[in-house]
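Geometric and topological summary
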Amino acid sequence: MMSDALKKRLFDLLVGVPLVVLTLPLVAVGAVASALSLRAWPFFTQRRVGLGGREFTVLKIRSLPVATPGYADKYAIQHVETTRVGRALRATHLDELPQLWLVLTGAMSLVGPRPEMQALAARFAPGFAEARALVRPGCTGLWQVSEAVGGLIREAPQYDLFYLRHWSVRLDGWIVWRTLLGALPGERLISLDDVPRWALGTGVSGLERSPAPPIPSPPTPPVPAPVPSRLAPSPVLEETARRIGA
């Protein structure tokens, strides 16, 4: 029987290779626009925490000025002044397209927890970092398409934990689909209640041995109260009707 790790790797290659080819023109255009707008080399690298807690190098298109601190968190850089091109790259997430190349090398997966900087990962709750390290970090993921994406990962750990508990190839496919839909204007971000039950699987191997925090169970839809098909007969009304008929 094919292992879960092999299933996930095959999914990454079967979906990732076409995506790399299809997005190459977008990466080229984004890189040229970044270089002309920010007057700097259009690509930059960061060290992030990956599989097994080991660090690896992430490649992105530059969207902020060179003077921006390389390892500042999201809140620290949200008021950094950048160019119109830089804002567009960040708003559309085109700056992260080069990460697809890391799927081919095996450093990342298409779907998984977002790779975090070591300084921020050190502030995770006990067991959370160990649970995330069981899988390769993803170019997209449940947290990345969720309502919590505007904050920090540690502020909404339930999305990564839910993904690890209920991982399946079907869930990866659904998250990729939601990521593509997210590029459309007006498409809303998701909550855990939006995850379809048919996409849930048995989870990531080894999670049961990880000292992870409690993981939420899949949402259970509320059961509506039964609605009577007709009113129950009333003895008072029946007696009144009988007297009138007489």
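Remember, predicted model here, so these are calculated numbers, not experimental data. (Residues numbered from 1 in each chain as written. Predicted model: local features only at pLDDT ≥ 70, side-chain atom pairs only at ≥ 80, totals over all residues. Heavy atoms only, no water.)

It is worth spelling out the pattern of salt bridges at this point. This structure, assessed with the given rule, holds seven salt bridges. For Asp172, the salt bridge identified is with Lys8, shortest N-O distance 2.7 Å. Residue Asp172 is located in helix α8 (residues 169-181), and its partner Lys8 is located in helix α1 (residues 4-38); the two are separated by 164 residues in the primary sequence. The pair formed by Asp172 and Lys8 is uniform in burial state, with each residue classed as buried. Across the pair Glu96 and Arg114 runs a salt bridge, and its minimum N-O distance is 3.1 Å. Of this pair, Glu96 sits in the loop between α3 (84-92) and α4 (99-105) while Arg114 sits in the loop between β3 (109-111) and α5 (118-121); the two residues are 18 residues apart in sequence, bridging distant segments of the chain. For the pair Glu96 and Arg114, a shared accessibility class is recorded, and that class is buried. Each of Lys60, Glu96 and Arg114 takes part in one network of salt bridges that share partners. (Salt bridge = Lys/Arg side-chain N within 4 Å of Asp/Glu carboxyl O. Helix = DSSP H or I, 4+ residues; strand = E, 2+ residues; numbered from the N terminus. Buried < 20%, exposed > 50% of the residue type's maximum accessible area, 1.4 Å probe, protein only.)

On to unusual backbone geometry, then. Unlike most non-glycine residues, Arg39 shows phi in positive territory, near 55 degrees. Phi at His93 takes a positive value of approximately 65 degrees, unusual for a residue other than glycine. Look at His93 and you get partly exposed, because its relative accessible area is 47%.

This next bit is on the layout of surface pockets. In this structure, the second largest pocket spans a volume of roughly 230 Å³. With five residues, α1 is the largest single contributor of residues to the lining of the second largest pocket. (1 Å grid on protein atoms, 1.4 Å probe; cavity = no way out; pocket = protein on both sides within 12 Å on 5 of 7 lines; lining within 4 Å. Points joined across faces, edges and corners; volume = space filled by probe spheres on them.)

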